[in-house]
Amino acid sequence: MNILKKCIITIITISLIFVFFKYKNKDITENSIDSVLKDAHENRSELEFVLTYFKDDSIKYNAAKFLIQNMSRHFSITSPELDEIKEIKYNKWHLNDSDKTKYANFNYNKLPKSYDLKEIKASLLINNINLAVDVWMSRPWHNKYSFDEFCEYVLPYRVGDEPLEDWRALYYNRYACILDSLYKGKDPVEAAEKIMTYIKQEGFDNYTDIKLPHLGASFLYKQRAGYCRENCDIALYVLRSLGIPVAMDFYESSPSYNSRHFWTAIIDTCHPRKSIAFNYTEDPINRDRATGSRRKGKVYRHYYSNQTKLADYTFTNNVPSFFKRQDIADVTHEYFGHNSILINNHCIFKNPFIYLSIFNGNTFDPIDISHVYTYQFNNIEPEVIYFPTQYNQGKMIAIDYPFLIDKNRIHRFVPSYMRKVSAKIIRKYPIRNNLQFLSTMVGSTIEISKFKDFTKTDTLKNFDKPMTTNTLLINCKKSTELRYLRYSAKENKRIELGELRFYNNGQEIFPDTIWANHRLGIIHRKNLKLISDDDWSSFYMADRNGEKLIFDFGKNIYLDSILFIPRNDDNFIHIGDNYELFYHTGAKGWKSLGKQKANSNILYYDNIPNNSILWLHNHTRGKEERCFYLLNGQQVFI
């Protein structure tokens with residue numbers, strides 16, 4: 001009987017606690033609405049009108065509450081100068097040289113902010129909510145998601161700091177009938193793949209010459225241009241208007257690139273939730289390639305609602321501003337699952353926070369934060385090189401050895417001074433996807449002749465396989481006389497040429513004229529000078545497949561060598577440059593293994609401590625550098 005009484009008392013107690021928290025949370029919610037409405041000042045009536053308008057529809061009313069409760073930090077960036085730049089870009093997108101000079105010091109972060117709370121109109125919110133909810137409820141997949149997920153991934157009326165616009169009907173009216181004609185099923189991922197494949201055909205110009213805030217739905221509806229952030233914006237406008245739940249994810253610092261990167265993520269129907277990364281201008285959406293091809297380290301997501309996880313650091317001194325943001329949250333686990341790493345607790349900590357950092361070729365970029373009393377970081381991408389760091393006197397410093405997670409095991413790179421290794425160093429930066437142009441010369445030829453029509457020719461070089469470096473010295477027979485040289489691309493490929501230089505007896509010889517087997521436009525004629533400007537990263541690219549470039553030396557000459565450099569990133573070993581190789585010693589930082597001047601496209605180093613993280617620094621030129629390790633004597637970049 002006593003046991004029964006205890007059970008009853010326990011049940012009653014739990015029930016009372018539940019009721020207390022239920023009504024307490026309700027009070028907090030209502031107080032939050034009151035506080036936001038108060039902060040709206042003269043615009044309060046617009047927001048109250050929206051709540052009253054939907055008071056008899058619980059779904060739309062709660063959707064309105066969600067948007068209003070989380071509205072305080074949202075804003076647009078506006079200025080006459082910004083409008084002027086957007087007008088230029090709307091008409092031609094690329095800025096000319098005079099425009100670039102005029103706006104060289106433009107910084108949109110210094111422009112005034114117009115906050116939604118004090119500017120948004122009831123009509124915009126009502127139209128947005130009505131369309132979002134109605135389309136969402138009509139989709140067969142809506143019951144596989146929670147209301148909170150609908151609010152975050154379909155409902156928002158904005159994606160960033162773009163102008164306030166009533167955009168949803170514009171995109172829905174254009175693309176709903178197209179989606180209906182392309183897909184009849186119940187899978188949002190398949191539906192998204194169909195419509196985004198269609199939109200890819202509409203084109204997108206990958207280019208940016210000036211940093212701007214988000215351009216806005218109506219601008220991007222007509223002008224498909226920008227960089228990765230803009231194609232994410234387009235995907236969000238289209239897919240959310242069609243009731244497909246998507247988010248914008250990003251990494252703040254890349255393990256293998258020198259910039260931030262944004263992409264679109266479809267929220268899949270599986271449990272636990274997984275994100276499917278895609279960039280619609282590149283590959284089709286594919287569950288088998290859900291994480292995408294880029295290394296990420298840590299993945300963060302933009303949210304409309306206020307995020308509290310990083311808010312612990314909002315009012316903390318000596319913490320980078322990135323970790324004080326309330327509009328983002330860590331979603332790495334949706335890509336790479338769950339794991340954790342403990343930092344060695346023998347480290348001497350000079351402040352209460354430790355950071356997980358990426359080495360960017362110069363400094364350490366923090367991508368995650370933790371309190372020193374935990375010594376722990378959770379949910380990080382495997383097979384990426386990380387450095388435990390602390391913030392000290394205005395910069396990040398290493399406090400322990402770098403590490404990576406390999407097959408659920410933590411591998412620490414602690415140099416072994418008892419075992420030394422040798423290595424051939426060929427690059428200072430990882431080979432990226434855009435280095436596929438190293439294979440564009442496959443099938444191309446270099447021919448010489450005394451005759452303009454090449455009726456009699458000698459072939460100097462057939463490129464039958466991709467190059468593994470960015471330079472090739474072609475030796476010529478000194479007895480062969482020529483006036484013309486022809487470089488021909490394969491019929492289904494374009495010329496992408498960094499440098500083509502001609503020598504005889506140690507002296508460089510320059511052609512009098514260069515022309516093609518078709519009429520070259522003004523830009524391409526101008527860009528021909530890039531193949532002899534001694535800048536290995538600049539390049540000439542043909543505007544059509546199968547182009548032939550003819551070099552006329554004006555008279556019969558002899559050559560003993562030709563320097564051929566395809567389009568490249570100039571991160572291979574550059575002959576004549578001065579290099580220095582370092583290895584990482586944990587809390588003692590980088591230690592030099594010596595300097596070398598490159599006499600060939602390979603640097604040779606001996607006496608490298610085994611199991612070291614290495615960094616090759618070019619003292620002569622360039623900014624792109626990344627650390628690496630050795631595997632069987634070969635460089636392994638991340």
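Here the focus is helix α2 (residues 44–53). All buried positions along α2 are accounted for by L47, V50 and L51. All buried residues of α2 fall inside an arc of 95 degrees around its axis, so they share one side.

Another point: the sheet that holds strand β7 (residues 275–278). Hydrogen bonds between backbone groups are what pair the strands of a sheet, and the pairing can be parallel or antiparallel. Strands sit in the order β7-β6-β5-β8-β9 across an open sheet of five strands; the sheet is antiparallel. Each edge of the open sheet is held by one strand with a lone partner, namely β7 and β9 (328–330). Along the sheet, successive strands turn relative to each other by an average axial angle of 40 degrees, direction set aside. Looking at chain direction, strand β6 (residues 261–267) and β7 are connected through four bridges and run antiparallel. If you follow T264 over to β7, its bridge partner there is F278. Running at roughly 165 degrees to strand β5 (residues 246–251), helix α12 (residues 228–241) makes contact with β5, β6 and β7 of the sheet.

Let us now look at the pattern of salt bridges. Within the structure shown, the criterion is met by 33 salt bridges. Among the ionic pairs, D180 bridges to R139, the shortest N-O distance being 3.8 Å. Placement of D180 in helix α9 (residues 168–182) and of R139 in the loop between α7 (122–138) and α8 (147–153) is noted, with a sequence separation of 41 residues between them. Residue classification places D180 among the partly exposed positions, given a relative accessible area of 34%. Notably, a salt bridge pairs E499 with R501, separated by 2.7 Å at the nearest N-O pair. Here the salt bridges do not stand alone but share partners, grouping E499, R501, E508 and D534 into one network.

If you walk across this open sheet you meet the four strands as β12-β11-β14-β15, and the pairing is antiparallel. The strands lining the two open edges of the sheet, one partner per strand, are β12 (364–371) and β15 (395–398). Along the sheet, successive strands turn relative to each other by an average axial angle of 45 degrees, direction set aside. When strand β11 (residues 353–359) meets β12, the two strands line up antiparallel, connected through seven bridges. Residue pairing across strands places I354 opposite S370, the latter belonging to β12.

Next up on the list: unusual backbone geometry. Here the bond from H271 into P272 is cis, since omega is -5 degrees, no more than 30 degrees from zero. In this structure, E383 is a non-glycine residue whose phi angle is positive, near 60 degrees. Mapped onto the fold, E383 is located in the loop between β13 (376–378) and β14 (387–392). By relative accessible area, which is 37% here, E383 ends up partly exposed. Phi angles above zero are rare outside glycine, and D570 is one such case at about 55 degrees. When you line up the elements, D570 lands in the loop between β28 (561–566) and β29 (578–584). Judged by its relative accessible area of 11%, D570 is buried.

Per the stated rule, a full pass over the model turns up 44 aromatic pairs. Each ring, one from Y386 and one from F403, has its centre 5.7 Å from the other, and the planes form 35 degrees; the classification is tilted. Highlighted residues: Y386 in the loop between β13 and β14 and F403 in strand β16 (residues 403–406), separated in sequence by 17 residues. Judged by its relative accessible area of 0%, Y386 falls in the buried class. Considering the side-chain rings of Y487 and F564, the 5.6 Å spacing of their centres and the 65 degrees angle between planes classify their relative orientation as edge-to-face. Pair noted here: Y487 is in strand β22 (residues 481–488) and F564 is in strand β28, with a separation of 77 residues, a long-range link. Put simply, the rings of F250, F262, Y300, F322, F323 and Y355 pair up and form one aromatic cluster. Above the plane of the ring of F454 lies R486, whose end atom (NZ or CZ) is 4.2 Å from the centre.

A surface patch of nonpolar side chains, about 240 Å² in accessible area, is lined by I59, M137 and F147. One can find F147 in helix α8. F147 sits in the partly exposed class, given a relative accessible area of 34%.

Counting through the fold element by element, N231 comes out in helix α12. Overall, N231 belongs to the buried group, its relative accessible area being 0%. Setting aside chain neighbours within four positions, we find N231 in contact with F204, N206, N279, Y280 and T281.

Right, let's get into the environment of D552. With respect to the element layout, D552 can be found in strand β27 (residues 548–558). Put simply, D552 and S254 are 298 residues apart on the chain and 45 Å apart in space, counted from C-alpha to C-alpha. With residues up to four places along the chain from it excluded, the contact list for D552 reads R483, Y484, P511, D512, T513 and W515.

Topologically, H584 is positioned in strand β29. With relative accessibility at 0%, the residue H584 sits in the buried group. In this structure the side chain of H584 is engaged in a polar contact, spanning 3.1 Å, whose partner is the backbone nitrogen of G586. Residue contacts for H584: discarding those within four places in its chain leaves F364, F387, A398, D400, P402, P415, G589, W590 and I613.

Where α2 contacts α7, the two axes come as close as 8 Å, and the packing angle between them is 35 degrees. Crossing angle aside, the handedness with which α2 passes α7 is right-handed. Taking contact as the criterion, the partners of E46, L47, F49, V50 and Y53 in α2 are, on α7, A122, L125, I126, I129 and N130. For the contact of α2 with α7, a count of residues per class yields eight nonpolar, one polar and one charged.

Looking now at the packing of α9 against helix α10 (residues 188–200). Relative placement of two packed helices is described by the angle separating their axes and the distance separating the axes. The contact between α9 and α10 brings their axes to 10 Å, and the two run at 120 degrees. Relative to α10, the element α9 is oriented oblique. Note on packing geometry: the crossing formed by α9 with α10 is right-handed. Across the interface between the two elements, Y175, I178, L179 and L182 from α9 touch A191, K194, I195, Y198 and I199 from α10.

As a further point, take the pairing of β5. Each regular strand carries side chains that alternate between the two faces of the sheet. Within β5, six of the six residues are buried, leaving the element largely enclosed by the surrounding structure. Of the two faces of β5, both are covered, the one formed by V246, M248 and F250 as well as the one formed by A247, D249 and Y251. Here β5 pairs with β6 via six bridges, running antiparallel. Residue A247 lies in a different strand from β6, and its bridge partner there is A265.

Each value, and the rule that gives it
Residues numbered from 1 in each chain as written. Predicted model: local features only at pLDDT ≥ 70, side-chain atom pairs only at ≥ 80, totals over all residues. Heavy atoms only, no water. Buried < 20%, exposed > 50% of the residue type's maximum accessible area, 1.4 Å probe, protein only. Helix = DSSP H or I, 4+ residues; strand = E, 2+ residues; numbered from the N terminus. Arc of directions from axis to C-beta. Pairing = 2+ DSSP bridges. Axes fitted to C-alpha atoms, helices over the stretch in contact; angles between N-to-C directions. Contact = heavy atoms within 4.5 Å. Salt bridge = Lys/Arg side-chain N within 4 Å of Asp/Glu carboxyl O. Phe/Tyr/Trp six-rings, centres within 6.5 Å; stacked < 30°, edge-to-face > 60°. Lys NZ or Arg CZ within 6 Å of the ring centre and 35° of its normal. Patch = residues over 30% accessible without salt bridge, like charges linked within 9 Å, V, L, I, M, F, W, Y side chains within 5 Å. Areas by Shrake-Rupley, 256 points an atom, 1.4 Å probe, with all protein chains shown as cover. Polar contact = N/O pair within 3.5 Å; in protein donor to acceptor, adjacent residues only side chain to side chain. Left-handed = near helix turned anticlockwise from the far one by under 90°. Nonpolar A, V, L, I, M, F, W, Y, C, P; charged D, E, K, R; others polar. Parallel < 35°, antiparallel > 145°, perpendicular 65-115°, else oblique.

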